Amino acid sequence: MDTFSKSDPVVVLFVQGSGSKEWREFGRTEVIDNTLNPDFVRKFVLDYFFEEKQNLRFDVYNVDSKSCNISKHQDFLGQAFVALGEVIGSQRSRLERPLTGVPGKKCGTILLSAEELSNCRDIVTMQLCANKLDKKDFFGKSDPFLVFYRSNEDGTYVWGRAMPHPAWGRRPARSSWGGFLPASACPQPHFSGASSRFTICHKTEVVKNTLNPVWQPFSIPVRALCNGDYDRTVKIDVYDWDRDGSHDFIGEFATSYRELSRAQSQFTVYEVLNPKKKCKKKKYINSGTVTLLSFAVESEFTFVDYIRGGTQLNFTVAIDFTASNGVPSQPTSLHYMSPYQLSAYAMALKAVGEIIQDYDSDKLFPAYGFGAKIPPDGSISHQFPLNSDVENPSCVGIDGVLESYFQSLRTVQLYGPTNFAPVINQVARSAAQMTDGSQYYVLLIVTDGVISDMMQTKEAIVNASALPMSIIIVGVGPAEFDAMEELDGDDVRVSCRGRYAERDIVQFVPFRDYVDRSGNQVLSMARLAKDVLAEIPEQLLSYMKSHDIKPRPTDPQ
């Protein structure tokens, strides 16, 4: 510390990779001389993903020398740990945290604020068609649909072939911590299937029995398409839809936001390439072409606008307590409480809940079980509170939900059947009372098997689709979940008795698809959360837009 003056503070920001414990320096503020109450000007520009737990660490130092090795040559004044979602989810996106890390000393506080960059507000509306796609169905033509992916922030890119050719490969690859690699570090152009290097950002509808489909126009935020980086690779896969979910790969191509935007003045045609066919057949040309018919951009309200305006996310949990899960005291049970690791049920709760709780100010989460015989009379219940309090089923934080879940396993008898409709209707009744945009409800259902009340559940979903509500279903265990795919309206909108859901509000995933093979539970949970939560911001926006609800203005800071 300075002996004859005040401190000369600087703040160093460290970021933690998803599913990793490693901290990397992201950047530093300027040094402000001789003050104990610095107001830093330099900003950190971070990519924000609602579906990820983005952990940040702010270290504060008093600068005594010009050494770059700040931890060895400067005085440490304290540090603060926070998730980016906590800052954004705080009132007016401003969060104050005490500085800690110096034993026996009060280190002061740090005030963090977040604001959204303007290009994140842009919404793109585009329409595409295809011509002469490969025929995949034996007794008919193909049933094509498109899947859009954006490349991730790890410097890996995939190039395709467009007509005319874009000038690929000369732009420096962006690194995961926001710097830039030299152009020589750019990866060589190559194709690969969807992987951890790409994040899915849109799927079109299926056009049946044609090799020349014309898809409906659709809208997507620029942030979702390329995260505001106009030159980032956007990869598009073309598939032939199959009822059993084993969709046939037709081919792929790659582009960028910048190239797509040129279609405002001219059509752009892309060759659809199948890498395997290209390697095997010398005379192979392509698997058809895709044409961008139209591309328009407009600015709209964003998810962050609503969160900053005070919209709260209300998180509710429903857990499957049917007998098919196995006796909880046995290691073969999906509910087995191992002293060494979390069960799939507990991991799903923790993965989703730890992210959503940053956007709920009271951190009180209603938690229910279904499909069990409950004390004292052994009656079967499909929405019993895990904390045994019928009047107030809320648990304090995700740790409180887990504690009540473990306690219920000791007190109830696993039974059946697997009914979803009661708990969906329960949350829908709460959502129906708060339709002004101040609250948005997210229901997480964790289950192991085939649903027993499909018709009633479809009706409940159709009714709930008009409310500020989303439903996440996570399937655990080895069972086949074909019926669950009916509830996920990505391809075909859920319907019941001739009525269709107003919005797609259901996301279903099997947990086994996200389990890390090395046994890293942190990584497994990060993968699960990233996929199941990715649609929540757009589902919230679709509700607000359909009901013409604008964000509440924030108070001046």
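Given the structure is predicted, the values throughout are model-derived calculations rather than measurements.

A. Main features of the overall build of the chain. Counting its regular elements, the chain contains 13 helices and 27 strands. Looking at the chain as a whole, 53% of its 557 residues qualify as buried. Considering only intrachain contacts with a sequence separation of at least 6, the fraction spanning at least 24 residues in the chain is 71%. Of the accessible surface of the chain, which amounts to about 26500 Å², a share of 51% is contributed by carbon and sulfur atoms.

B. Quick peek at the side chain of Asp122. Inspection of the secondary structure assignment puts Asp122 in strand E7 (residues 122–131). Judged by relative accessible area, which is 14%, Asp122 ranks as buried.

C. Representation of the nonpolar core within the structure. Core analysis: the largest hydrophobic core is formed by 75 residues, its most contacted members being Phe321, Val474 and Leu533. The dominant element in this core, judged by the number of residues it contributes, is helix H7 (residues 344–356), at ten residues. Among all residues touching Val474, those that are not within four sequence positions of it are Ala348, Leu444, Ile445, Val446, Thr447, Val509, Phe511, Leu528 and Val532. The next biggest cluster of nonpolar side chains, apart from the first, holds 31 residues, and it includes Leu443, Met469, Phe481 and Val494.

D. Representation of the pattern of salt bridges within the structure. Applying the stated criterion to the full structure yields 16 salt bridges. Notably, a salt bridge pairs Glu486 with Lys458, separated by 2.8 Å at the nearest N-O pair. With Glu486 in helix H11 (residues 482–487) and Lys458 in helix H10 (residues 454–464), this pair connects stretches of sequence that are 28 residues apart. Here the salt bridges do not stand alone but share partners, grouping Lys235, Asp237 and Glu252 into one network.

E. Representation of the packing of H7 against helix H8 (residues 397–411) in the model. Between H7 and H8, whose axes approach to 10 Å, the crossing angle comes to 160°. For the element pair H7 / H8, the angle class is roughly antiparallel. Once H7 is placed against H8, the crossing between them reads as right-handed. In contact with Tyr345, Ala346, Leu349, Lys350, Gly353 and Glu354 of H7, H8 contributes Ile398, Asp399, Val401, Leu402, Tyr405 and Phe406. Here the residues of the contact of H7 with H8 are counted per class, giving eight nonpolar, one polar and three charged.

F. Looking closely at the state of the cysteines. The tally for this structure, following the rule as stated, stands at zero disulfides. For the unlinked cysteine Cys226, the closest cysteine sulfur is that of Cys201, found at 9.1 Å.

G. Representation of the pairing of strand E15 (residues 289–299) in the model. Taken together, the ten bridges between E7 and E15 define a ladder with antiparallel strand orientation. Within E15, the position partnered with Asp122 by the bridge is Ser299. Summarising the sheet, strand E14 (residues 268–271) and E15 pair through four bridges and their orientation is antiparallel. Within E15, the position partnered with Thr268 by the bridge is Leu292.

H. The packing of aromatic side chains, seen in detail. For the structure shown, the criterion picks out 20 aromatic pairs. When the centroid spacing of 5.7 Å and the interplanar angle of 75° are considered together, the rings of Phe315 and Phe365 count as edge-to-face. With Phe315 in strand E16 (residues 312–320) and Phe365 in strand E17 (residues 364–370), this pair connects stretches of sequence that are 50 residues apart. Phe365 carries the same exposure label as Phe315, and that label is buried. Consider the rings of Phe321 and Tyr405, whose centres lie 6.2 Å apart with planes at 70°: the pair is edge-to-face. A residue pair is termed long-range when its members are at least 10 positions apart, and Phe321 in the loop between E16 and H7 and Tyr405 in helix H8 qualify at 84 residues. Judged by its relative accessible area of 0%, Phe321 is buried. Residue Tyr405 is classed as buried on the basis of its relative accessible area of 0%.

I. Looking closely at the environment of Tyr368. Relative to the elements of secondary structure, Tyr368 occurs in strand E17. When the C-alpha atoms of Tyr368 and Ile319 are compared, they prove to be 6.4 Å apart, with 49 residues separating the residues in sequence. Not counting the four nearest positions on each side in its chain, Tyr368 is found in contact with Thr316, Val317, Ala318, Ile319, Gln383, Phe384, Pro385, Leu386, Pro393, Val423 and Gln426. Among the polar contacts made by the side chain of Tyr368, one reaches the side chain of Gln426 at a distance of 3.5 Å.

J. Structural detail: the sheet that holds strand E18 (residues 372–374). Spatially, the three strands line up as an open sheet ordered E19-E18-E22, and their pairing is antiparallel. The sheet is open, and its two edges are formed by strand E19 (379–381) and strand E22 (413–414), each paired on a single side. Where E18 meets E19, three bridges bridge the pair, whose relative direction is antiparallel. The residue of E19 that forms the bridge with Lys373 is Ile380.

K. Spotlight on the environment of Val450. Counting through the fold element by element, Val450 comes out in the loop between strand E23 (439–447) and H10. Its relative accessible area of 56% is what places Val450 among the exposed residues. As a C-alpha pair, Val450 and Glu480 span 30 residues in sequence and 7.8 Å in three-dimensional space. Beyond its immediate stretch of four places on either side in the chain, Val450 contacts Thr418 and Glu480.

L. Seen up close, unusual backbone geometry. Between Pro375 and the following residue, Pro376, the backbone shows a cis peptide bond with an omega angle of 5°. Following the sequence through the fold, Pro376 ends up in the loop between E18 and E19. Cis peptide bonds are those with omega within 30 degrees of zero, and the linkage from Gly416 to Pro417 qualifies with 0°. Tracing the backbone through its elements, the reader meets Pro417 in the loop between E22 and helix H9 (421–432). Here Arg92, not a glycine, exhibits a phi torsion of approximately 60°, which is positive. As for its placement among the helices and strands, Arg92 is situated in the loop between helix H2 (84–89) and strand E5 (94–98).

Thresholds, definitions, all that
Residues numbered from 1 in each chain as written. Predicted model: local features only at pLDDT ≥ 70, side-chain atom pairs only at ≥ 80, totals over all residues. Heavy atoms only, no water. Helix = DSSP H or I, 4+ residues; strand = E, 2+ residues; numbered from the N terminus. Buried < 20%, exposed > 50% of the residue type's maximum accessible area, 1.4 Å probe, protein only. Contact = heavy atoms within 4.5 Å. Areas by Shrake-Rupley, 256 points an atom, 1.4 Å probe, with all protein chains shown as cover. Core = buried A, V, L, I, M, F, W, Y, C linked by side-chain atoms within 4.5 Å. Salt bridge = Lys/Arg side-chain N within 4 Å of Asp/Glu carboxyl O. Axes fitted to C-alpha atoms, helices over the stretch in contact; angles between N-to-C directions. Parallel < 35°, antiparallel > 145°, perpendicular 65-115°, else oblique. Left-handed = near helix turned anticlockwise from the far one by under 90°. Nonpolar A, V, L, I, M, F, W, Y, C, P; charged D, E, K, R; others polar. Disulfide = S-S within 2.5 Å. Pairing = 2+ DSSP bridges. Phe/Tyr/Trp six-rings, centres within 6.5 Å; stacked < 30°, edge-to-face > 60°. Polar contact = N/O pair within 3.5 Å; in protein donor to acceptor, adjacent residues only side chain to side chain.

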